[in-house]
Amino acid sequence: MQAGVLSHASRQVFTTMRASRILLGATVVVSVVLLSVAYLDGWFRVSSAVTRAPARTRFLFSAGLEGRTADRTQDTEVGTAAGSGGSRTQEDHNAEKIQRDRKVVLERVCNVSLPGSVPPLSARQLGHIIVDDKHKMLYCFVPKVACTNWKRIMIKLRHPEIEKPQDISPQDAHVTYFLPSLKLYSQEEIQYRLDNYFKFMFVRDPLERLLSAYINKFTMPYNLKFHRLYGTKIISRFRENPSKDSLQKGDDVTFTEFVQYLLDPMAHGPQLNEHWDHYANLCHPCRIHYDVIGKYETLDQDVDHVLQRAGVANIVQFPPKPKKSQTSTSQLLDEYLDEIGPKEVFRLHNMYILDYLMFNYSLPNFPGEG
Ligand SMILES: *[C@@H]1O[C@H](CO)[C@@H](O)[C@H](O)[C@H]1NC(C)=O
Ligand SMILES: *[C@@H]1O[C@H](CO)[C@@H](O)[C@H](O)[C@H]1NC(C)=O
């Protein structure tokens, strides 16, 4: 079966229906949440981001809130399981509980944002899932979320003769030839792997990822391809009186201009570049039940957990972290967001709202309300 046909149709459906589904879904959730939450003390522990959210968006947070309520029931279940188990270490146990919690939140957001049928995997999504048949692993890569190192790991697993993953250059790590994706398999083979292999993906705070993409793609002199492909377009569209040089090279896009571009569907068209596209569009976590959803914010623990669960912890080691730069991306983000104005920040959060909700990232204070 041709995955390309599916992909096109499903993407269209997904895009056009998403907005209305969120609204519809959220209305359903509001009633469910109001009924269930009102009877629980959780009602009084709504996070500050929720209470500060403008009334219009407040209902959207219900899905996350509902997730938190469910945590409490899960806690008790875990407690009893721990009593009877015993052989597992506390660390494994905590990691598994964290994973269960993350999956509950994700599933609830999936349930409300895509009620009814979940679209099939598109060719693009299949192309994002790296396959290791020997170790029975599937890794859905998200650029700007430790993806180079994970690709190095996946290459090293296929090539035992490579001593250390960090011996693979970043350029080589991204050569698709070294890493087969699910796209290369038949429909039956794909399904078999989805059903039987260990599956994982990594996410991080949506706007920190966005800023990281901006800094890497638009402020680094070596990323000529992005300057030509996107930079020139962004400058000619959004800059008043651009210089000839900027128009030609596209190498001095400001963060504000980049954000204007993101917020203008006419400018970027139906498909965003993978470096700033939504997690759901890249990895389809509502369809694929990932065994581990790792977070950049807890990279060390989550890397250990993935390698353990995949049974390859004694074969590979994740490359060590580079020395920390002085300012973290989250500090930088505050500075950059100051620059772009409250209305745009708000629209940006709205644009990535599903990424926030699916992976339980808290929305920062709303501009003008903090
Ligand atoms: C979601 O995030 C909040 C705030 O960071 C945290 O307190 C809560 O435990 C998280 N919930 C889950 C299910 O991970
Ligand atoms: C999501 O929906 C499915 C099917 O209706 C249901 O079985 C599941 O419990 C729901 N999950 C959550 C976390 O609400």
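Below: a short report on this structure. Source: prediction; values computed, not measured.

### Things to note about the state of the cysteines
According to the stated counting rule, one finds two disulfides in the structure shown. C110 shares a disulfide with C286; S-S distance 2.0 Å. Between C110 and C286 the disulfide shows an S-S torsion of about -90 degrees. By sign, it is left-handed. Note that C110 is positioned in helix α5 (residues 90-113) and C286 in the loop between α15 (279-283) and β4 (292-295), a separation of 176 residues in sequence. Exposure class is identical for C110 and C286. Each is buried. Linked covalently through their sulfurs, C140 and C283 form a disulfide whose S-S length is 2.0 Å. Between C140 and C283 the disulfide shows an S-S torsion of about -90 degrees. By sign, it is left-handed.

### Details of the pattern of salt bridges
Where charged atoms from two side chains of opposite charge approach closely, those side chains can pair. By the definition in use, this model includes nine salt bridges. Put simply, R124 and D277 hold a salt bridge, and the shortest N to O gap is 2.6 Å. Taken as a pair, R124 in helix α6 (residues 123-127) and D277 in the loop between α14 (265-268) and α15 lie far apart in primary sequence, 153 residues in all. Side by side, R124 and D277 carry an identical accessibility label, which is buried. Note that E257 and R239 form a salt bridge whose closest N and O atoms lie 2.7 Å from each other. With E257 in helix α13 (residues 255-262) and R239 in the loop between α11 (224-238) and α12 (244-249), this residue pair connects regions lying 18 residues apart in the sequence. Of the two residues, E257 and R239, both sit in the buried class. Several salt bridges share partner residues, and in doing so they unite R239, D252 and E257 into one network.

### Quick word on the environment of H349
Summarising the element assignment, H349 is placed in helix α18 (residues 342-351). On a C-alpha basis, the gap between H349 and P206 in space is 8.6 Å, while along the polypeptide they are 143 residues apart.

### Points about the packing of α13 against helix α17 (residues 329-340)
Relative orientation of the contacting elements α13 and α17 amounts to 70 degrees, with a least axis distance of 9 Å. The angle between α13 and α17 places the two elements in the roughly perpendicular class. The segment α13 lies against α17, with F255, T256 and V259 engaging Y336, L337, E339 and I340. Residue composition of the contact of α13 with α17, by class: five nonpolar, one polar and one charged.

How each quantity is defined
Residues numbered from 1 in each chain as written. Chains lettered and ligands numbered in written order. Predicted model: local features only at pLDDT ≥ 70, side-chain atom pairs only at ≥ 80, totals over all residues. Heavy atoms only, no water. Disulfide = S-S within 2.5 Å. Helix = DSSP H or I, 4+ residues; strand = E, 2+ residues; numbered from the N terminus. Buried < 20%, exposed > 50% of the residue type's maximum accessible area, 1.4 Å probe, protein only. Salt bridge = Lys/Arg side-chain N within 4 Å of Asp/Glu carboxyl O. Axes fitted to C-alpha atoms, helices over the stretch in contact; angles between N-to-C directions. Parallel < 35°, antiparallel > 145°, perpendicular 65-115°, else oblique. Contact = heavy atoms within 4.5 Å. Nonpolar A, V, L, I, M, F, W, Y, C, P; charged D, E, K, R; others polar.

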